[in-house]
Every structure is written in structure tokens, then in C-alpha cells.
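A closer look at the structure
Here are the chains, one letter per residue:
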Amino acid sequence: MPTFCLERTVPLPLDEAWRRLTLWPRHAGAVPLTRIRVLTPGPTRDGSRFVARSGVGPLTVDDVMEVTVWHPPTGDEPGLCRLEKRGRVVLGWAEIEVRPGPDGGSRVVWREELRVRFLPRAFDGVLQVASRAMFGRAADRLLERP
């Protein structure tokens, strides 16, 4: 399974960086051709579920995710969110960590292990490069927009 890690340092307080990354519907504006549907009533907590549907027309794939760890940052304590991918096609997990950064900012670490069912392992390298680029751009967009 391809695994990647992205790190960003941003001039945002911990709670604002966390908010921008974990308001799930915002991800639709950061990932092309994607819509987000939250399946459980808010606020987000352990057990919350949502689905990211990506694609056009009949060529769509659902990435069903469940929050298995939900520890928002408090004060100077880092925050951690772990998502397990529960879909039929997209599998793996993602972790979003927000910790204190320089000058009152935040350091964001986004780790993800991604597998697409039925995709041969020979494509793992391509999937890793494409995922890293797509999620890196999404993280940048989420962190730069209020």
C-alpha cells in the first residue's frame, strides 16, 4: 500500500489550522471533482462518518471514512485525527496532526496509507506520486483559505 507524509508550517494558531483541515465539507472545494456528504450528525467525534465522492457521472468512486481518533488541540497541546477508509474501493487510513510551530504558528503533518481495490500493486508508485500531489495541493488550499 502506498504511504506518504506531507508536512506544512503555517502562520495559523493550532485551533484555526485544525478547524480548516477537519471541517469535512471544505474538502470538496480543495479536491477537484469531489463532493462531501457527512453521514453522522455533528460535531465530529470518534465514530463520525463521511463520504468523499470523486469523479464525473458514472465514473465516480466513494471514499467512505470513519473518524477513529478525535483529539482536537487544546492550548499548546497537539491535535490528532485518524480516519479509517471503509469503502468498497478506497481502503487505508489517514492521520492529520496539528502541533505548535514557530512564532505561534502550526506544524501540520498529514500521513496517509492508500489502496485502491482491484488496482494491481504495479501501480503503487504512480498512486503514491499522484496522491501525494493531490493531497498536498488540497492541504495547501485548506490551510490558505478561511
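As a starting point, this report considers the structure included with it. This one's a predicted model, so the numbers in the text were calculated from it and none came from an experiment. (Residues numbered from 1 in each chain as written. Predicted model: local features only at pLDDT ≥ 70, side-chain atom pairs only at ≥ 80, totals over all residues. Heavy atoms only, no water.)

Moving on, we come to the overall build of the chain. Counting secondary structure elements, the chain contains two helices and seven strands. Beginning at the N terminus, the succession of helices and strands in the chain can be written as β-α-β-β-β-β-β-β-α. Its C-alpha atoms give the chain a radius of gyration of 15 Å, near enough to 15 Å, the size a compact globule of 146 residues would have. On the principal axes, the C-alpha backbone points of the chain span a range of 45 × 35 × 25 Å. Looking at the chain residue by residue over its 146 residues, the buried ones come to 44%. If you take every contact in the chain between residues at least 6 apart in sequence, the share linking residues at least 24 apart comes to 47%. As displayed, the chain has an accessible area near 7,900 Å², and 57% of this comes from carbon and sulfur atoms. (Helix = DSSP H or I, 4+ residues; strand = E, 2+ residues; numbered from the N terminus. Rg over C-alpha atoms; globule rule 2.2 N^0.38 Å. Buried < 20%, exposed > 50% of the residue type's maximum accessible area, 1.4 Å probe, protein only. Contact = heavy atoms within 4.5 Å. Areas by Shrake-Rupley, 256 points an atom, 1.4 Å probe, with all protein chains shown as cover.)

A separate point is the sheet that holds strand S2 (residues 34–38). Reading across from one edge, S1-S7-S6-S5-S4-S3-S2 is the order of the seven strands in this open sheet, with antiparallel pairing throughout. Each edge of the open sheet is held by one strand with a lone partner, namely strand S1 (3–10) and S2. Between one strand axis and the next, the sheet turns through 20 degrees on average, direction left out of account. With six bridges joining them, strand S4 (residues 59–71) and strand S5 (residues 79–86) adopt antiparallel strand pairing. Bridged to Met65 within S5 is Lys85. Contacts from helix H1 (residues 14–22) reach S1, S4, S5, strand S6 (90–100) and strand S7 (106–116) within the one sheet, and its direction differs from that of S6 by about 160 degrees. Across the sheet, helix H2 (residues 124–144) touches S1 and S7, and the angle it forms with S1 is around 25 degrees. (Pairing = 2+ DSSP bridges. Axes fitted to C-alpha atoms, helices over the stretch in contact; angles between N-to-C directions.)

Moving on, we come to the nonpolar core. If you look at the biggest cluster of nonpolar residues, it comprises 29 residues, and the most contacted ones within it are Leu21, Trp24, Cys81, Leu83, Val98, Trp110 and Leu143. The set of elements that each furnish at least two residues to this core consists of S1, H1, strand S3 (49–56), S4, S5, S6, S7 and H2. Setting aside its immediate chain neighbours within four residues, Cys81 contacts Trp18, Trp24, Val67, Val69, Trp70, Ala94, Glu95 and Ile96. (Core = buried A, V, L, I, M, F, W, Y, C linked by side-chain atoms within 4.5 Å.)

Turning to the pairing of S3, a few remarks are in order. As defined by bridge partners, S2 adjoins S3 across five bridges and the pair is classed as antiparallel. Across the sheet, residue Arg35 finds its bridge partner in S3, namely Arg53. Relative to S4, S3 runs antiparallel, the two sharing eight bridges. The residue of S4 that forms the bridge with Ala52 is Asp63. Between S3 and the antiparallel strand that follows it, S4, lie two residues; Gly57 among them carries a positive phi value of about 55 degrees.

In this fold, Thr9 is placed in strand S1. Considered as a pair, Thr9 and Phe118 are 109 residues apart in the sequence and their alpha carbons are 36 Å apart. Here Arg107 takes part through its side chain, which lies 2.3 Å from a polar atom of the side chain of Thr9. (Polar contact = N/O pair within 3.5 Å; in protein donor to acceptor, adjacent residues only side chain to side chain.)

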